[in-house]
Amino acid sequence: MKTLTVFTPTYNRAYCLHKCYESLVQQSNQDFLWLIIDDGSGDNTKELVESWIKDNKIAIQYHYQENLGMHGGHNAAYRLIETPLNVCIDSDDSIAEGAVQKILDSWQLIKDEPKFAGLVALDEDQDGKLIGTKIPEHIKETTLYDLYNTHGVLGDKKLVYKTEVVKQYPAYPIFKGERFVPLGYLYQLIDQDYKLLPLNEVLCVVEYMTDGSSMNMLKQYRRHPRGFAFSRKSRMKLAKNFKDKFKNAIHYVSSSMFIKNGSFFKESPKKFITFLAIPFGIALNLYIRYKTKGEF
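So, how was this worked out
- Residues numbered from 1 in each chain as written.
- Predicted model: local features only at pLDDT ≥ 70, side-chain atom pairs only at ≥ 80, totals over all residues.
- Heavy atoms only, no water.
- Buried < 20%, exposed > 50% of the residue type's maximum accessible area, 1.4 Å probe, protein only.
- Helix = DSSP H or I, 4+ residues; strand = E, 2+ residues; numbered from the N terminus.
- Pairing = 2+ DSSP bridges.
- Expected span 1.5 Å × (residues − 1).
- Bend = angle between axes of the 7 residues up to and from the residue.
- Contact = heavy atoms within 4.5 Å.
- Axes fitted to C-alpha atoms, helices over the stretch in contact; angles between N-to-C directions.
- Parallel < 35°, antiparallel > 145°, perpendicular 65-115°, else oblique.
- Left-handed = near helix turned anticlockwise from the far one by under 90°.
- Nonpolar A, V, L, I, M, F, W, Y, C, P; charged D, E, K, R; others polar.
- Core = buried A, V, L, I, M, F, W, Y, C linked by side-chain atoms within 4.5 Å.

Focus on the pairing of strand β7 (residues 157-162)
So, point 1. Burial runs high along β7: 6 of the 6 residues are buried.
So, point 2. On β7, burial covers both faces: K157, L159 and Y161 on one face and K158, V160 and K162 on the other are all buried.
So, point 3. Where strand β4 (residues 85-88) and β7 come together, 3 bridges link them in antiparallel fashion. Following the sheet pairing, V87 is matched in β7 by V160.

Here it is in structure tokens:
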């Protein structure tokens, strides 16, 4: 069995998936399996992956499912993964040079330490520029929440998790007619029970595509309000300070308005803060409607 699964949820990304494939082929350490979760693609993704499997340059597992969205792809991956470690490399990204070796070297430091859920490392863009900021060198262990909210770290980071840890937690919910639940829901649950080992090394080269979720966030808010409301309720409940609870309450109110949920106040885990957030949530909802008018 391999030690690491690199999993890639993909939807109609045959035109760029080769970059991820090529970066994996070039890894100096091949102790990994590439798990491709084809989330209902209508392009030639299947044929492309079959040609790579036939080439036999790296170990590949292909799984096709109906279109459920990014979080549905993660659900499938976590259900299928059998290796001790896993990391997600998105379909428009590539794994950094030597990243597998760096992951496996760091794995030796935590594999027998039950308090660690995995690693948190760095991303860079196509020009070699770091996404956000480095992790302060004095931090020897952290949670993802504390990394951003206590230590002031900025930008997307790459997470490598122990598979046995991830499998302890519930799958992302699937809401009929929606295709998105923020992935941070699971990460915050893990934060309640485990720590992450900081690794100030770049593991992923990121490209923010125009058809990706990062570039269309306001549209995502409007298209998937149940998924966002679910996530915001969880974040309100688990947030450690008033500012974070209030921010998530505002978004919860806004998302609840999109689905016309008259019971949003009753369902809130933080009713007083939600009450205070109502006018701001209304304002945010109107702003999103204005910025996305003509799209729906």
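From this point on, the discussion continues.
What to know about helix α12 (residues 271-291)
So, point 1. When the terminal C-alpha atoms of α12 are compared, their 29 Å separation across 21 residues agrees well with the 30 Å that a helix rising 1.5 Å per residue should span.
So, point 2. Within α12, the axis deviates most sharply at I278, by approximately 50°, and proline P279 lies no more than four positions further along.
So, point 3. Within α12 the residues assigned to the buried category are I273, T274, A277, G281, L284, N285 and I288.
So, point 4. Buried positions along α12 lie against α8 (217-223), α9 (225-238), α10 (242-258) and α11 (264-267).

Quick notes on unusual backbone geometry
So, point 1. Positive phi values are uncommon outside glycine, yet N56 reaches one of about 60°.
So, point 2. Its place among the elements puts N56 in the loop between α2 (45-55) and β3 (59-65).
So, point 3. Of note in this structure, K260 is not a glycine but carries a positive phi near 55°.
So, point 4. Looking at K260, the relative accessible area reads 73%, which means it is exposed.

Thoughts on the packing of helix α7 (residues 184-191) against α9
So, point 1. At their nearest, the axes of α7 and α9 sit 10 Å apart, and the two run at 20° to each other. Judged by the inter-axis angle, α7 sits roughly parallel to α9. In this structure, α7 crosses over α9, and the sense of that crossing is left-handed. Of the residues in α9, those in contact with G184, Y185, Q188 and L189 of α7 are F230, S234, R235 and L238.
So, point 2. For the contact of α7 with α9, a count of residues per class yields 4 nonpolar, 3 polar and 1 charged.

Topic: the nonpolar core
So, point 1. Counting residues in each nonpolar core, the largest one holds 67 residues, and the members touching the most others are L4, V6, W34, Y187 and I190.
So, point 2. Sort the elements by how many residues they give to this core and strand β8 (residues 195-206) lands first, with 8 residues.
So, point 3. With residues up to four places along the chain from it excluded, the contact list for I190 reads A117, Y161, V165, V166 and Y169.
So, point 4. The next biggest cluster of nonpolar side chains, apart from the first, holds 16 residues, and it includes F258, F264, I273 and I288.

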